[in-house]
Every structure is written in C-alpha cells, then in structure tokens.
Amino acid sequence: SSGINAEYGHFKVGMVLLTLLQNGDLLEHPQERIAALYLLFEMYRSESFTVNPFAPFFHSLILEDSERVSAEVYFISLITSPSAREIYKMSPCQIVRAAKDCKTRPDFRHLKSSGAVKVSAKVSSGISVILPDMEGDTKGSTGAIIDNLVSGSDPPSLSSLEPVIMRPVPPLHQDKFEELLWVNPNSSEYTFEWEPLVIETTSVELELRKLLSKAFKGALPQSQQNFIREEIIKDPKLIYHIGLTAGKFPALVENNCKVALEVLLHLSQSNQLTEYFTVLVNMELSVHSMEVMNELLGRVVLPPEYIHLYITKCITHCHHCQDRLLQHRFVRLVCVFLSSLIRHNTVDLKELFVEVQAFCINFSRIKEAAGLFRLLKQMDCESAS
C-alpha cells in the first residue's frame, strides 16, 4: 500500500506541475519550465517512458514547437535519447544555453516508430477550473497565486469541471422458455484429453526469478551462474523482469559477484545505472565489491565522481577499522586495487594524489602500501618529465 500511496503522491505533484506549465504566466522563465519538466520525468524515471502519465504533454510540446528548437523541445530530446543520464550533469541554465546553440531540430521519429509517445484517444471529459487572466498583471504576485492554486484540502489545480453524465438503469430482460436451447451429448462414452501446456516446462523468466532469489541468499553453483549470465546476454531486457532492484543489489554482489557484474554491464545504457552505481559505491567495503568495481572500470567508462568517491571510501574505511589484522588485510586489498587502476591507466589519480600518498605513508610498514607509494612516485616523475 505504501507503493500505491507514493505513486498517487507523485501523480498529485505532477498534476500541480502540469497546471503551472499549462499556464505560461505562472512559469515565465525557461529555467523554471525546464525544472518542472525534469520533475515530471524524474518521478517516473524507473519505469518505461510509455507508462509515464504525462507523456502526452511532452508529445504536445513537440507538436507545438514544430519549427524552432525551444529549450523544452531540446530537453525532451535529451530525456528520450539513449544517453538520457547526461542530463544529470547539466543545470537548467546550461540546457537553455545549449538549446540556443542547437541549429537543427532534434529527430523524434524513433518515438513515433516505437510507440513510446501516444496521446490517449479518450480525452478527459472535465475542463480545468483555472482560466488565465489575459488582461491582468501578475508581476510580483505570482508566488501568492501559485500558493492559492496548489494549497488547501481541495486545491484548484486538482479540480475540474465535469458534466453530469446520465446513466439510466437498463430494463430487465423478460426471458421466455422457448428461447432456451438445451445441448445434450449424443454419446455416453467420454475420453480424457491432456492439455500440453499443463506439463510444459517453466519459462526462462520464471527460472531466472527462482535462481536470483537464491543468489541473494548464498553462492550459486558455477553452472547456475553461467545460465543466468548467458540468458541476460541473450536478452538484456530480462534484467527488468526477474525481481532485481537496487536495494537487493548488495546481496547479489556479496554472494555472486560475477552475476552482479554482468547485470551492471547490461545496465550501462539504462536510466537506472546511476542508482546501481550509488548503491555499489556506498555499500560496505568487501573483497567482492572491490572485484566488481575493478572489473567494471576495465570495461565501462564510469563518471569520475563515482570513482573518486569509491577510492575515498576505501581509504576512510582502512583508517577507521579497529581490528588490526582486518585493517592490514583491507589495506593490502586497496593497494592492489589502486595499483591495478594505475597500471592499466583506468583512472586519473591526479585529484586524489595527495590523499593516496598520505594513505601510503600512514601504512608504509605494509609491503603493498610501500609498493603503491613507489608506483605513485614513478607516475609523478613521468608526468613531470
């Protein structure tokens, strides 16, 4: 029920934002309209764009601006492109400036062909109770107007004027005995027929759900791990239908890190990738999480802020570990991890050079830390020359 309440709350907030967007005098600045459009998109980011209840409004904006490239149309082109996660690196002002520099109109034919944007054939029977005052001057009072429109137990932004639809009770049918037709079998001998679908083996999706539920609790045999990975490679969309969520991802990393790595590799073009990265970076430091991160850095280009945050987390964990034996073990693991990144030129440690160097000096009595320190010095000398 909490999920239903949250979804209903998102819809109410979305309706308020939709009201503000449809009344241009309430959100005059392009940056404000871009921020409102972003919230409409973000509230349903975890789902397909098709099921976003505000997709028809996005479509109407595309149709309205058929000639020029407005900031709103440019923003819609970003969120519907395969690289939608790029918008998280941009501010509304940057999007507005980029739209001004864009000379060619974005191509939205992929939305029409895939059916991602469809305007419902059934238009709401109600009309908005909010009418714009074309002659009034709202300057200086926009904030008060918005408060009156969206606040209260029954705000105008969620109300509509609907006609009274007459629904007369249909009359009861007066049946007649001669209308009945009795169908009697001609033979008293009957045979049973087997339904082949009853004994059919379970689908791949159901089998993956069962295996994944086990994978959250313990290590799977190598054959079952290979089966999951092979099926994900065949059909990457299965990831969204087998019961995997970002909240369960740490358990998968700890028990079956190879499967977790395969999941992340096939989420590289998904809007959910940022959420999984955040969970991986913030989960408790372990051998398996470092193995997944190391393999991931060698095969996918990750945002530098996530890499730097993870390295800082590793160093901090080593400093605060109270068990000396466990602390030395983690220091060795972190040093091997950082040495691998440096040798394979996976990440640029210039911004963290001082922090990593201090880490090596603090644990200089450990062999791996001393080796990492020499590697840092060598890298520093090569960059200087």
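Residues numbered from 1 in each chain as written. Predicted model: local features only at pLDDT ≥ 70, side-chain atom pairs only at ≥ 80, totals over all residues. Heavy atoms only, no water.

A cluster of nonpolar side chains, contributed by I127, V129 and L161, occupies part of the molecular surface with about 280 Å² of accessible area. Its place among the elements puts I127 in strand β1 (residues 127-128). (Patch = residues over 30% accessible without salt bridge, like charges linked within 9 Å, V, L, I, M, F, W, Y side chains within 5 Å. Areas by Shrake-Rupley, 256 points an atom, 1.4 Å probe, with all protein chains shown as cover. Salt bridge = Lys/Arg side-chain N within 4 Å of Asp/Glu carboxyl O. Helix = DSSP H or I, 4+ residues; strand = E, 2+ residues; numbered from the N terminus.)

What follows deals with the packing of aromatic side chains. What the rule picks out here adds up to three aromatic pairs. Between Y310 and F337 the ring centres are 5.9 Å apart and the planes differ by 80°, which places this aromatic pair in the edge-to-face class. Of this pair, Y310 sits in helix α14 (residues 304-320) while F337 sits in helix α15 (residues 324-343), and the two are 27 residues apart along the sequence. By relative accessible area, which is 2% here, Y310 ends up buried. Look at F337 and you get buried, because its relative accessible area is 5%. (Phe/Tyr/Trp six-rings, centres within 6.5 Å; stacked < 30°, edge-to-face > 60°. Buried < 20%, exposed > 50% of the residue type's maximum accessible area, 1.4 Å probe, protein only.)

The next point concerns the packing of helix α13 (residues 287-299) against α15. Orientation of α13 relative to α15, taken along the N-to-C sense of each, is 5°, at an axis distance of 11 Å. When the interaxial angle is binned, α13 and α15 end up roughly parallel. Across the interface between the two elements, V287, M290, M293, N294 and L297 of α13 pack against R329, L333, V334, F337, S340 and L341 of α15. Each residue belonging to the contact of α13 with α15 can be placed in one class, and the counts come to eight nonpolar, two polar and one charged. (Axes fitted to C-alpha atoms, helices over the stretch in contact; angles between N-to-C directions. Parallel < 35°, antiparallel > 145°, perpendicular 65-115°, else oblique. Contact = heavy atoms within 4.5 Å. Nonpolar A, V, L, I, M, F, W, Y, C, P; charged D, E, K, R; others polar.)

As for its placement among the helices and strands, L309 is situated in helix α14. Residues L309 and N282, spaced 27 residues apart in sequence, show a C-alpha to C-alpha distance of 8.9 Å.

Oppositely charged side chains are able to pair whenever their charged atoms sit close together. By the definition in use, this model includes five salt bridges. Where K258 meets E291, a salt bridge forms, and the shortest distance between an N and an O atom there is 3.4 Å. Residue K258 is located in helix α11 (residues 257-266), and its partner E291 is located in helix α13; the two are separated by 33 residues in the primary sequence. Here K258 falls in the partly exposed class, since its relative accessible area comes to 34%.

Core analysis: the largest hydrophobic core is formed by 66 residues, its most contacted members being F249, L252, L280, L296, I311, V356 and F359. The leading source of residues in this core is α15, at eight residues. Beyond its immediate chain neighbours, meaning those up to four positions away, I311 contacts L338, L341, L349, L352 and V356. Membership of the second largest hydrophobic core comes to 33 residues, among which are F49, F57, F58 and I62. (Core = buried A, V, L, I, M, F, W, Y, C linked by side-chain atoms within 4.5 Å.)

Here we take up helix α16 (residues 353-362). Every buried residue of α16 is accounted for by F353, V356, Q357, F359 and C360. Buried residues in α16, looked at end-on, bunch into an arc of 155°, giving them a common side. (Arc of directions from axis to C-beta.)

Moving on, we get to the confidence of the model for the protein. Averaged over every residue, the pLDDT of the protein is 77; the share at 70 or more is 84%. Taking the mean pLDDT of every element in the protein, the minimum, 55, falls on helix α6 (residues 109-114) and the maximum, 89, on helix α10 (residues 249-255). (pLDDT = per-residue confidence, 0-100.)

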